[in-house]
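# Observations on the model geometry
So you can see what is in the structure, the chains are spelled out below.
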Amino acid sequence: MRNLFLAGVAVFATVFLCSCGHNAIQYGDGLGFDAGINPENYTASFNLRYGKILSAVTRDNVEIEVTGKADADGTGGAEKSGSAAVATDGSLKVKIGRQLNGAAADLVKAGADPDKVLEALTKEETEAK
């Protein structure tokens with residue numbers, strides 16, 4: 001049982017602690033609950049939210065456009081039968097351009113011609129397809 005527990009902890013730590021250079025974009029529309037820890041003062045945070053939420057952790061050369069509109073009929077007065085008219089609309093557009101990895105950046109810093117590095121990367125992409 002102990003070995004199974006240790007294996008589970010090792011798998012969780014591997015997944016949790018590993019990272020990659022990809023873009024992480026999360027879009028939510030509606031009701032959501034977030035729980036976290038503020039690393040500056042180690043306090044817990046809990047958020048209950050409703051609406052459009054965009055969280056984006058991106059590398060270089062990324063354009064993000066979010067549009068949103070909400071209409072609600074909140075006329076005052078006596079309570080009416082039926083529900084009030086509520087409408088929401090929105091869109092999310094993400095454009096990701098060329099993103100270089102650390103090896104390509106190191107080549108350019110070492111004195112390689114940036115155009116040749118870009119040409120070599122483009123050649124590899126077309127050959128892989």
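A few points on the structure. Note on numbering: residues in each chain are counted from 1, in written sequence order. With pLDDT at 70 or above as the cut-off, local features in this predicted model cover only qualifying residues; side-chain atom pairs require 80 or more to be listed or tallied, and sums for whole chains, interfaces and linings still use all residues. Note that water and hydrogens are dropped before the side-chain values are worked out from all heavy atoms of the structure.

Bringing the pattern of salt bridges into the picture now. Each reported salt bridge corresponds to a side-chain nitrogen of Lys or Arg within 4 Å of a carboxyl oxygen of Asp or Glu. Tallied over the full model, the rule gives 1 salt bridge. Linking R49 and D34 is a salt bridge whose minimum nitrogen-to-oxygen distance equals 3.2 Å. Pair noted here: R49 is in strand β2 (residues 43–57) and D34 is in strand β1 (residues 24–38), with a separation of 15 residues, a long-range link. When its relative accessible area of 34% is taken as the criterion, D34 is described as partly exposed. The secondary structure listing takes helices from DSSP runs of H or I that are at least 4 residues long and strands from runs of E that are at least 2 residues long, numbered from the N terminus. The buried label goes to any residue with under 20% of its type's maximum accessible area, the exposed label to any with over 50%, and the partly exposed label to all in between, with areas taken from a 1.4 Å probe on protein chains only.

Side-chain polar atoms of R49 contact the side chain of D34, separated by 3.2 Å. Once residues lying within four places of it in the same chain are set aside, the contact partners of R49 are G30, L31, G32 and D34. Residues adjacent in sequence count toward polar contacts only when both atoms are side-chain atoms; beyond that, a polar contact is any pair of N or O atoms within 3.5 Å, and within protein one must be able to donate a hydrogen and the other to accept it. Every residue pair with non-hydrogen atoms within 4.5 Å of one another is taken to be in contact.

With that settled, the discussion passes to helix α1 (residues 2–17). Under the 1.5 Å per step criterion, the end-to-end length of α1 is 22 Å for 16 residues, consistent within 8% with the ideal 22 Å. Here α1 lies mainly on the outside; 0 of its 16 residues are buried. Take the residue count of a helix, subtract one, and multiply by 1.5 Å to get its expected span.

All right, on to the packing of aromatic side chains then. By convention, a stacked pair of Phe, Tyr or Trp rings (six-membered ring in the case of Trp) has centres within 6.5 Å and planes under 30 degrees apart, an edge-to-face pair has planes over 60 apart, and any other such pair is tilted. This structure, assessed with the given rule, holds 1 aromatic pair. Residues F33 and F46 carry aromatic rings whose centres are separated by 6.3 Å and whose planes lie at 20° to one another, so their mutual orientation is stacked. In this pair, F33 is assigned in strand β1 and F46 in strand β2, connecting sequence segments 13 residues apart.

Here we come to the environment of V108. Mapped onto the fold, V108 is located in helix α2 (residues 102–109). For V108, a relative accessible area of 34% gives the class partly exposed.

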